[in-house]
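Structure assessment
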Amino acid sequence: MKSTTKLFALTTAVLVSTASFASAQTLDRVKQRGTLSCGVNVGLAGFSAPDDKGNWTGFDVDYCRAIAAAVLGDATKVRFVPTTAKERFTALQSGEIDVLNRNTTWTLARDSSLGLSFVGTNYYDGQGLMVKTGLKVKSAKELDGATVCVQTGTTTELNLADYFRVNKLAYKPVVFEKADEILQAYQAGRCDVYTTDASGLYAQRLQMQKPDEHIVLPEIISKEPLGPSVRQGDSQWFTIVRWVHFALLNAEEAGITKGNVDKMLESTNPDVRRILGKEGEFGKGIGLANDWAFQIIKQVGNYGEIFDATVGAGSRINIARGQNNLWTKGGLQYAPPIR
Amino acid sequence: MTATVQSPSPGPIAPPAKPNLLYRPEFRQAVYQILLVIALIIGFWAIAHNVAVNLARQNIASGFGFWTRTAGFDISQTLIEFDNQSTYGKAFWAGLMNTLLVAGLGIIFATILGFLVGIGRLSSNWLIAKLATAYVEILRNLPLLLQLFFWYFAVLKNLPGPRESISLPGGASLNVRGLYLPAPVPESGFGYVLAAFGIGILTSIAIAMWSKRRQLATGQRFPVLWTSLALIFLLPGAVYLVLGQPLGFEYPALRGFNFQGGMAVQPEFMALLVGLSTYTASFIAEIVRAGIAGVPRGQREAANAIGLSNGLTMRLVIIPQALRIIIPPLTSQYLNLAKNSSLAVAIGYPDFVSVFTGTVLNQTGQAVEVILLTMLVFLTISLLTSAFMNWFNKHIALVER
Ligand SMILES: N[C@@H](CCC(=O)N[C@@H](CS)C(=O)NCC(=O)O)C(=O)O
């Protein structure tokens, strides 16, 4: 009810917003306001969750900080707006947030009919299925007749239906609005299977009473390229957010880290010098200060550092880099050069 | 003292000069009404136009073209045939039926329970009165969402898994996945039993009408209740036995992960129905109590004085007058119940809001259209309920003399 009301309010905001607004220059508004308004998950360990001191942490959260560092020169100037799966797009459409960083899958439908644009894929994911080890199920193909818990407002409902239909398996969905409710219902045995993005499953497993009693099945049933999105019609802002993502990747590729970035300022490597703004006017080109990438790396780190600290080997979730490794290391992460 | 007052113009009295059209109240009122209507139309048109322009400019899809597109998702419980190849339009109806189902049953249960508790509060039996009071005070003072969570997560989720189901008499089983009941399977000849049942009901109605007329004419009473019960239950029962029990049962059995076969009642549905009914019943109880208390004491004394028993006093004198007080606020409670059913999504029941305003909205991205339809649906449900209750109220309202 509450979230329906909020959705309703946001929808109304979309309706009455005046003509000047959608195309207004987001960059100017962010600078004027002095803070970036960033839509994140209400709570998904590793991606965006408040820690015990109330600070937001996670992969998506760090992307918000990186954008703030590039645009405002200060990674702390972010207002985090927690959004549920259901209301996230409306929050972006209505202008409540400047950018959406909420483990959100890039699909054609979303890119074309919601008035928003995805800037890229910062996390290659896929939908997984989790079951209790006690069921002795080894493969998704054995799930005929199972009951499956799934979250509304996500891409996962559709994938689930497709997978079971294609494989001629019967199933019963039980659809909840919040991840917490699924977690409770699944643990109580209401469902045999909990399905969502594999990254989400690993994160959610840590919240369970007995994490060892649950396994994620080997089948990945969909492509879930997750990435930041912005409102359509403001190409300057789109370019900025996209190049923040590319700067994070290029920094990792060039070996620039939070630790060595000051020293790297003296580097003679032209790639490094261009990234850090010592050569060329690349920051100006996208409407930012020339040290935009320097600020990102100095205050937040490069892509690999963010990944490791939030969801990777350095975190409790401990997800392997896999497809999210740089293209130079056998992964899919590839950024156009800064030049 | 006499004074002669000369009338200035003794001529024929002129009819009062017709006031200028502009000063005539009826005309002014009509003009104001018309202006208001025009302003409203322009206002609505401006909003609609603004919305269309805004959506187009922001490149957000609009229109109702999605209605006939394939939905692609499944719904766990539907009253109409629905699978992932059905359209969004069908999903709309499937969700709506689920809402109507839980709201309709909820209204029936809440009314029965509410009347019992309300009358219980007025009982002269100390224990019953106190229990009824405790019921009302506890249930109406806790947030409904909390109560739904209680029923769903605290009560139903603590039931054993499918493999350790609790067996109930008659081949039913209860577990964390729901209540599994044997499904009746009619065999040849069962139609006669149904026919006997129908005849029983029709004759009962006829007898009731006849007995009422006879009572009005002669004052003699007839045991309508007992005759009707006998006709409605014993008659088909006898036919059933004579024809050799032409009704089989399909029993639910554990196969694979879950019970298969039989009839399944989802725990989400049970929790929502129980939560909505018991919560609303606490308000209805208060309304019933107020209604009964609102009938002047003299009415009861008068009824007793002419020798009516307590039961008849209640049925023939108190309740009819109390209903006049009860029905209008009762209608509001029905509307509340229907609207509160939209909390379903919190406990996973596929009601209208969960299916349409949830999944369909998300997959189509057409928030404006979907929310608009959602408002229309709830408005329609509410207006129809009120219309029915108003009709009912008029129908039973006492004709005052
Ligand atoms: N990537 C999918 C799923 C995103 C999603 O909402 N995932 C869930 C499960 S991992 C989640 O974040 N839930 C947290 C919550 O809503 O509290 C999408 O974009 O639709």
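Just so we're clear, the structure is a prediction, and the values are computed from it rather than from any experiment. Along each chain, numbering runs from 1 in the same order as the chain's sequence is written. Whichever chain is written first is A, and whichever ligand is written first is 1; the rest continue in order. Only residues with pLDDT of 70 or above have their local features reported here, since the model is predicted, and side-chain atom pairs are shown and tallied only from 80 upward, although totals for entire chains, interfaces and linings are computed over all residues. With hydrogens and water set aside, each side-chain value is computed from the structure's full complement of heavy atoms.

This next bit is on the overall build of chain B. Each helix and strand counted, chain B has eleven helices and eight strands in total. Principal-axis analysis of the C-alpha atoms places the extent of chain B at approximately 110 × 80 × 45 Å. Accessible surface area values rest on a Shrake-Rupley calculation with a 1.4 Å probe, where residue burial reflects the displayed protein chains alone. Accessible surface, chain B as shown: approximately 22700 Å² in total, 69% of it carbon and sulfur. Working convention for charge: Lys and Arg count positive, Asp and Glu count negative, and His plus the chain ends are omitted. Every charge is mapped onto a representative atom, which is NZ of Lys, CZ of Arg, CG of Asp or CD of Glu. Between the averaged position of the 25 positive side-chain charges in chain B and that of its 14 negative side-chain charges there is a distance of 14 Å. Only DSSP runs of H or I covering at least 4 residues are called helices, and only runs of E covering at least 2 are called strands; the numbering of each starts at the N terminus.

With that out of the way, let us pick up the pattern of salt bridges. Pairing of side chains with opposite charge becomes possible as their charged atoms draw close. Basic side-chain nitrogens of Lys or Arg form a salt bridge, by our definition, when they fall within 4 Å of a carboxyl oxygen of Asp or Glu. If you walk through the whole model with that rule in mind, you get 16 salt bridges over all chains. One salt bridge connects A:R165 with A:D162, and the closest N-O pair in it is separated by 3.6 Å. Taken together, the residues A:R165 and A:D162, both in helix α6 (residues 156–166) and three residues apart, mark about one turn of the helix. A:K284 is the salt-bridge partner of A:E281, the closest N and O atoms lying 3.6 Å from each other. Assigned by exposure class, A:E281 and A:K284 land together as exposed. What you see here is one network of salt bridges that share partners, running through B:R121, B:E137, B:R140, B:E286 and B:R289. Whether a residue is buried, partly exposed or exposed follows from its accessible area with a 1.4 Å probe, protein chains only, as a fraction of its type maximum: under 20%, in between, or over 50%, in that order.

As a further point, take the packing of aromatic side chains. The rule is short: rings of Phe, Tyr and Trp, with Trp giving its six-membered ring, pair when the centres are within 6.5 Å, and they are stacked under 30 degrees, edge-to-face over 60, tilted in between. Evaluation of the coordinates by the stated rule reveals 37 aromatic pairs over all chains. For the pair A:F59 and A:Y123, a centre-to-centre distance of 5.9 Å together with 80° between the ring planes defines the contact as edge-to-face. Separated by 64 residues along the polypeptide, A:F59 in helix α3 (residues 59–72) and A:Y123 in strand β7 (residues 123–125) bring together distant segments of the chain. The two residues A:F59 and A:Y123 agree in class, both being buried. Judged by centre distance (6.2 Å) and plane angle (35°), the ring pair of A:Y303 and A:F307 falls under tilted. Here A:Y303 pairs with A:F307, and both are found in helix α14 (residues 303–310), just four residues apart, close to one helical turn. Taking relative accessible area as the criterion, A:Y303 reaches 0% and is therefore assigned buried. One aromatic cluster is present, formed by B:F64, B:F66, B:W67, B:Y88, B:F92, B:W93, B:F352, B:F356 and B:F378 through successive ring pairs. The criterion is that NZ of a Lys, or CZ of an Arg, lies within 6 Å of the ring centre and within 35 degrees of the ring normal, and then a charge sits over that ring. Above the ring of A:Y186, the side-chain terminus of A:K132 is found at 5.1 Å from the ring centroid.

Residues and elements named next belong to chain A. Taken together, 19 residues surround the ligand, and among them N41, R88, T105, Q151 and D197 come closest. By the criterion applied in these results, polar contacts are pairs of N or O atoms within 3.5 Å in which, for protein atoms, one can donate a hydrogen and the other can accept it, and in which residues neighboring in sequence qualify only through two side-chain atoms. Between the ligand and N103, the relevant distance is 3.1 Å, taken from a nitrogen atom to a main-chain nitrogen or oxygen of the residue. For the ligand, whose unbound accessible area comes to 510 Å², protein coverage reaches 98%. For this scheme, ten residues count as nonpolar: Ala, Val, Leu, Ile, Met, Phe, Trp, Tyr, Cys and Pro. Four count as charged, namely Asp, Glu, Lys and Arg, and the remainder, Gly too, count as polar. Among the residues making up the shell around the ligand, the classes are represented as five nonpolar, nine polar and five charged. Any residue with a non-hydrogen atom lying within 4 Å of a molecule or strand is treated as near it.

Before going further, it helps to spend a moment on the interface of chain B and chain A. The criterion used for residue contact is that any of the two residues' heavy atoms lie within 4.5 Å. Taken residue by residue, the interface counts 49 residues in chain B and 52 residues in chain A. What gets called buried area is simply the loss in accessible area from a 1.4 Å probe that two parts show on being joined, summed for both. Note on chain B versus chain A: buried area summed over both sides is about 4100 Å², and carbon and sulfur give 54% of it. Where chain B meets chain A, there are two salt bridges. The shortest N-O distance in the salt bridge between B:E268 and A:R190 comes to 2.5 Å. Applying the counting criterion to the chain B and chain A interface returns 14 residue pairs in polar contact (both at pLDDT 80 or more). Examining the composition of the side of chain B that touches chain A, we find that nine residues originate from one element, helix α10 (residues 352–364) of chain B, more than from any other. Considering only residue class, the side of chain B that touches chain A consists of 23 nonpolar, 20 polar and six charged.

Quick look at the sheet that holds strand β8 (residues 127–132) of chain A now. Two strands in a sheet stick together by hydrogen bonds in their backbones, pointing the same way (parallel) or opposite ways (antiparallel). Residues and elements named next belong to chain A. Strand pairing requires that DSSP identify at least two bridges connecting the strands. The strand order β10-β9-β11-β8-β12 describes an open sheet built from five strands, whose pairing is mixed. Edge positions in the open sheet fall to β10 (171–176) and β12 (214–216), since each of these has one partner strand only. Sheet twist, expressed as the mean angle between neighbouring strand axes with direction ignored, is 30°. Alignment of strand β9 (residues 146–151) against β10, held across six bridges, turns out to be parallel. Each axis is a line fitted through C-alpha atoms, taken for helices only over the stretch in contact, and angles between the N-to-C directions span 0 to 180 degrees.

Okay, the domain arrangement of chain B next. Segment limits for the domains were obtained from an automatic or database-derived domain assignment. Partitioning chain B into domains gives domain 1 (26–59) and domain 2 (88–155 + 274–396). Distance between the C-alpha centres of domain 1 of chain B and domain 2 of chain B: 37 Å.

We now examine the confidence of the model for chain B. Averaged over every residue, the pLDDT of chain B is 89; the share at 70 or more is 94%. Two numbers describe this predicted complex: its pTM, 0.83, and its ipTM, 0.82. Known as pLDDT, the predictor's confidence for each residue is given on a scale from 0 to 100.

With that settled, consider the packing of helix α2 (residues 88–121) of chain B against helix α3 (residues 126–141) of chain B. For any two helices packed against each other, the geometry comes down to the angle between their axes and how far apart the axes lie. All names here are of chain B. At their nearest, the axes of α2 and α3 sit 7 Å apart, and the two run at 130° to each other. Classified by the angle between their axes, α2 and α3 sit oblique to one another. Where α2 crosses over α3, the two elements pack in a sense that is left-handed. Counted together, L113, V117, G120 and R121 of α2 and I128, A129, A132, T133, Y135, V136 and E137 of α3 form the full contact between these two elements. Grouping the amino acids of the contact of α2 with α3 by side-chain chemistry returns seven nonpolar, two polar and two charged. Any angle from 65 to 115 degrees is called roughly perpendicular, while one under 35 is roughly parallel, one over 145 is roughly antiparallel, and all others are oblique. Crossing handedness is defined as follows: a turn of the near helix away from the far one that is anticlockwise and smaller than a right angle gives a left-handed crossing, while the clockwise case is right-handed.

Before going further, it helps to spend a moment on the confidence of the model for chain A. Looking at chain A as a whole, the pLDDT averages 92, with 93% of positions reaching at least 70. In this model residues 18–22 of chain A is a low-confidence stretch, pLDDT under 50, and it forms eleven contacts with partners more than four residues away in sequence or in other chains.

So, on to a nonpolar patch on the surface. Here the term patch refers to residues with relative accessible area over 30% and no salt bridge, with like charges joined within 9 Å and nonpolar side chains (Val, Leu, Ile, Met, Phe, Trp, Tyr) within 5 Å. Where nonpolar side chains cluster on the molecular surface, the patch consists of B:L21, B:L22, B:Y23, B:F27, B:V31, B:Y32, B:I34, B:L35, B:I38 and B:I42 and spans about 990 Å² of accessible area. With respect to the secondary-structure elements, B:L22 resides in the segment before α1 (25–57).

The next thing to look at is helix α2 (residues 26–33) of chain A. Residues and elements named next belong to chain A. For α2, the complete set of buried residues consists of T26, L27 and V30. The buried residues of α2 occupy an angular sector of 100° when the element is viewed end-on, so they sit on one face. As for α2, its buried residues are in contact with β1 (36–41), α3, β14 (229–231) and α9 (235–253). Regarding the arc, it is the one traced by the directions from the helix axis to the C-beta atoms.

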